[in-house]
Amino acid sequence: MKIGCHVDLDSATSRASAVGADIAQITLGDPQSWKKPVPPEGLREAAADAGIGLYVHAAYVINVASSNNRIRIPSRKLLQQTIDAAAELGAAGVIVHGGHVTAGEEQQLGYDNWRKCVDALDAKVPVLIENTAGGKKAMMRHLESVQALWDTLSGSENLDRIGLCLDTCHAHAAGLDLSTVVQDLRAITGRIDLVHCNDSADAPGSGRDRHVPWGQGLIDEGTLLALLRDADAPVILETPTEHHADEIAWLRDHLDG
């Protein structure tokens, strides 16, 4: 099982190597910005030399589900630009949030907007849609929403390039059963491509997305390890940076045991 962490772009390979990571997740610039991402010169070669696989997390501002043209259209453009940049880096995938519609709108509108986006993508690398911690009109919070989105995407020529990133903190905060969530999501999507391995500061179903170091939150360690074994997918930590080396070592020790 490949295990790694989110790292700063300017020290991606050196930081990943220092904490014993196999893989590293990066954002290409300010995640709250609409600015076109630019792949850093030399990063692809440096990562290959260090034996570090790369994943790119798309900007948090992206919401391709939105009915607002001023959000949806730039979101599609930025997602494609991020895919293009990730392909230049030889990244294994682009992680993107599922987004949402507004309180007074039918969620099917968001699913339909996702379908239009997926149909038009030049998916040079897989696009991994991440489950969501909160939001009543979120595309990826509840199992029923994930099912509705995948049903809407069914038949797209790009469906095989659309995967799933399972965030453990988000699933916990959404009120999903972590003992069955892997089987539940795989039954819907047919795949789990990446796990964001994060403990949660808040109670199940709180809808609050607050990551804490492993062992300091409310997710049971035994449940976590069982989830990771069931998912059998690469693992990225998004916990505080200073804990990554210890957490990666702990995961390796317990998952191999």
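Residue positions are given per chain, counting from 1 as you read along its sequence in written order. With the structure being a predicted model, the display of local features is reserved for residues of pLDDT at least 70 and the display and counting of side-chain atom pairs for 80 or more, all residues being used for whole-chain, interface and lining totals. Derived side-chain values reflect all non-hydrogen atoms in the structure, with water molecules and hydrogen atoms excluded from consideration.

As for the overall build of the protein chain
Here is the rule we go by: Note on conventions: DSSP H or I runs of at least 4 residues are helices, E runs of at least 2 residues are strands, and numbering of each starts at the N terminus. To get the radius of gyration, use the C-alpha atoms; to get the globule rule, take the number of residues to the power 0.38 and multiply by 2.2 Å. Note on classification: 1.4 Å probe, protein chains only; a residue is buried when its accessible area is under 20% of the maximum for its type, exposed when over 50%, partly exposed between these limits. Every residue pair with non-hydrogen atoms within 4.5 Å of one another is taken to be in contact. Per-residue and other accessible areas follow the Shrake-Rupley method at a 1.4 Å probe size, with only the shown protein chains counted as cover for residues.
What the protein chain contains, in helices and strands, is nine helices and ten strands. The C-alpha radius of gyration computed for the protein chain amounts to 17 Å, which stays within 12% of the reference 18 Å derived for 257 residues, consistent with globular compactness. Overall size of the protein chain, expressed as C-alpha extent along the three principal axes, is 45 × 40 × 30 Å. Every one of the 257 residues in the protein chain was classed for burial, and the buried ones make up 53%. Considering only intrachain contacts with a sequence separation of at least 6, the fraction spanning at least 24 residues in the protein chain is 76%. As displayed, the protein chain has an accessible area near 11000 Å², and 47% of this comes from carbon and sulfur atoms.

Some details on the nonpolar core
Proteins that are soluble and globular tend to have nonpolar side chains buried together. We apply this condition: Take the buried Ala, Val, Leu, Ile, Met, Phe, Trp, Tyr and Cys residues and link them wherever side-chain atoms come within 4.5 Å; each set so joined is a nonpolar core.
Residues L79, W114, W150, I192, L228 and L251 are the most contacted members of the largest nonpolar core, which totals 73 residues. For this core, the element with the most residues is helix α3 (residues 69-89), which contributes six residues. If near-sequence neighbours (up to four positions away) are discounted, L228 is found in contact with M1, V195, C197, V235, L251 and L255. Listed in part, the seven residues of the second largest apolar core include I23, I95, C165 and I236.

Observations concerning the packing of α3 against helix α4 (residues 107-120)
Heads up, the condition is: Only the contacting stretch of a helix is used when fitting its axis, a line to C-alpha atoms as for every element, and angles between N-to-C directions run 0 to 180 degrees. In a left-handed crossing the near helix is turned counterclockwise from the far helix by less than a right angle, and in a right-handed crossing that turn is clockwise. Amino acid classes used here: Ala, Val, Leu, Ile, Met, Phe, Trp, Tyr, Cys and Pro are nonpolar; Asp, Glu, Lys and Arg are charged; the rest, including Gly, are polar.
Taken N-terminus to C-terminus, the directions of α3 and α4 make an angle of 35°; their axes are 11 Å apart at the nearest point. Remark: the crossing between α3 and α4 carries right-handed chirality. On α4, the residues that touch R72, R76, L79 and Q80 of α3 are N113, K116, C117 and A120. Residues that form the contact of α3 with α4 fall into these classes: three nonpolar, two polar and three charged.

Observations concerning the side chain of D193
Stated formally: Throughout this description, a polar contact denotes any pair of N or O atoms lying within 3.5 Å of each other; where both atoms belong to protein, one of them has to be capable of donating a hydrogen while the other can accept it, and for residues adjacent in sequence the pair is counted only when both atoms sit in side chains.
Turning to its location among the elements, D193 is positioned in the loop between α7 (181-189) and β7 (194-197). Side-chain polar atoms of D193 contact the side chain of R191, separated by 2.8 Å. Ignoring any residue separated from it by four or fewer positions in sequence, one finds D193 in contact with Y55, L128, G163, L164, A233 and P234.

Let's talk about the UniProt feature "domain: Xylose isomerase-like TIM barrel" (unreviewed entry) in the protein chain
The cut-off we apply is this: UniProt positions are given in the numbering used here, feature names are shortened, and annotations may be inferred rather than shown by experiment.
Following the UniProt record, one finds the feature "domain: Xylose isomerase-like TIM barrel" (unreviewed entry) at residues 15-253. End C-alpha atoms of residues 15-253 are separated by 21 Å, and the span's content is 40% helix alongside 14% strand.

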